Amino acid sequence: MELAPREKLALHGAEALDDEELLAIFLRTGSCGVSVMLLARQMLNEFGSLYGIMSASKEEMAGVKGVGMAKMAQLQAVAETARRFFASQLARENVMDNPQVTHHYLQSVLAHQEREIFMVLFLDNQHRVLQAQKMFSGSISSVEVHPREIVREALKLNAAAVILAHNHPSGSAEPSRADREITERITRACSLLNIRLLDHLVIGHGEFISFAERGWL
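Computed from a prediction, not measured in an experiment: that's the story for all the values here. (Residues numbered from 1 in each chain as written. Predicted model: local features only at pLDDT ≥ 70, side-chain atom pairs only at ≥ 80, totals over all residues. Heavy atoms only, no water.)

## As for the packing of helix α2 (residues 19-27) against helix α3 (residues 36-47)
Then step 1. Packing of α2 against α3 leaves a shortest axis separation of 8 Å and a crossing angle of 115°. The handedness of the crossing between α2 and α3 is right-handed. Seen from α2, the contacting residues are Asp19, Glu20, Glu21, Leu23, Ala24 and Leu27; seen from α3, they are Val36, Met37, Leu39, Ala40, Arg41, Met43 and Leu44.
Then step 2. Looking at the contact of α2 with α3 residue by residue, the classes come out as 9 nonpolar, no polar and 4 charged. (Axes fitted to C-alpha atoms, helices over the stretch in contact; angles between N-to-C directions. Helix = DSSP H or I, 4+ residues; strand = E, 2+ residues; numbered from the N terminus. Left-handed = near helix turned anticlockwise from the far one by under 90°. Contact = heavy atoms within 4.5 Å. Nonpolar A, V, L, I, M, F, W, Y, C, P; charged D, E, K, R; others polar.)

## Things to note about the packing of aromatic side chains
How two aromatic rings sit relative to each other is given by the distance of their centres and the angle of their planes.
Then step 1. By the definition in use, this model includes 2 aromatic pairs.
Then step 2. Ring geometry for phenylalanine 211 and tryptophan 216: centres 5.0 Å apart, planes at 90°, overall edge-to-face.
Then step 3. The exposure class assigned to tryptophan 216 is partly exposed, which follows from its relative accessible area of 27%.
Then step 4. Residue placement shows arginine 180 over the ring face of tryptophan 216; its charged tip is 3.8 Å from the ring centre. (Phe/Tyr/Trp six-rings, centres within 6.5 Å; stacked < 30°, edge-to-face > 60°. Buried < 20%, exposed > 50% of the residue type's maximum accessible area, 1.4 Å probe, protein only. Lys NZ or Arg CZ within 6 Å of the ring centre and 35° of its normal.)

## Structural notes on the pairing of strand β4 (residues 196-203)
Then step 1. Taking burial as the measure, the 8 residues of β4 include 7 buried ones, the bulk of the element.
Then step 2. Two elements, strand β3 (residues 161-167) and β4, share 7 bridges in a ladder whose sense is parallel. Within β4, the residue paired with leucine 164 across the bridge is histidine 200.
Then step 3. This β-α-β element, β3 to helix α9 (residues 177-191) to β4, shows right-handed connectivity.
Then step 4. Judged from the 3 bridges that link them, β4 and strand β5 (residues 208-210) form a sheet pairing that is antiparallel. Bridge pairing links valine 202 to isoleucine 209 in β5.
Then step 5. Linkage of β4 to β5, two consecutive antiparallel strands, is achieved through a turn of 4 residues, within which glycine 206 is found at a positive phi near 75°. (Pairing = 2+ DSSP bridges. Right-handed = clockwise from strand over helix to strand, strands pointing away.)

These values are about where atoms sit, not about what they do.
Quick look at the structure:
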C-alpha cells in the first residue's frame, strides 16, 4: 500500500518525497471532489515545476481551480520562508563558496517581477552579504542604471565587492548588448575604488545566466 505524503515523510524524511508529494503537504487538502494529490499534479502541470508555482503571481494563481485565498497564502508563506532562508545563509557564508545559494536567492526575489529590477549584493572582504538592495526599477523591457549610485552605496557600506543581478520579465535570460555595456561601466567605476565586481546574473523564468561563468568579467 502506497504511503500518504505525511506518513512517507515521517518514515523516510522529506528528501524521499517527489515534487507532487511535497506540494500536497503544503496544500494540505484538496477541493471540490479533487484530492490533494490530484490538485498538486494539476498545479505542477500548469506551472511546470515547484519553482514555477512558488514564483507565480497572484493573478496566475487565482486562475487555478481549487486554489483559494487560504492555499494561496500558504504557498506565498512557503516562498517567503525560502527567500529568508537563502538570505540568512548569504549573511553568514562566503557567497563564492556556495554560488548556488546566491543564485536561488536572486531567482526567488527577481524571477516573478513584472518589471525589470536591478539589484546589487554588497559584500564584505570575506564575501559575506552586507546588504541586498533593489537599486533601480524600470519598465517591462528596460531599466536605467547609474553606476555612480552603486559605488556611492558601496562606499557607505564599506563594501569590498559587489554582485549585480537583474531580471528579464520576457522570460529569456540571454543578456542584451545594453546589459553588457552597463556591466562594463559599473566594472570601471568600481575598479577606481578597488571594489571588485564578482558577477552579474541575469534572471529569466526558471533560468539564469552568469557573466562570470561566461568569462565576461
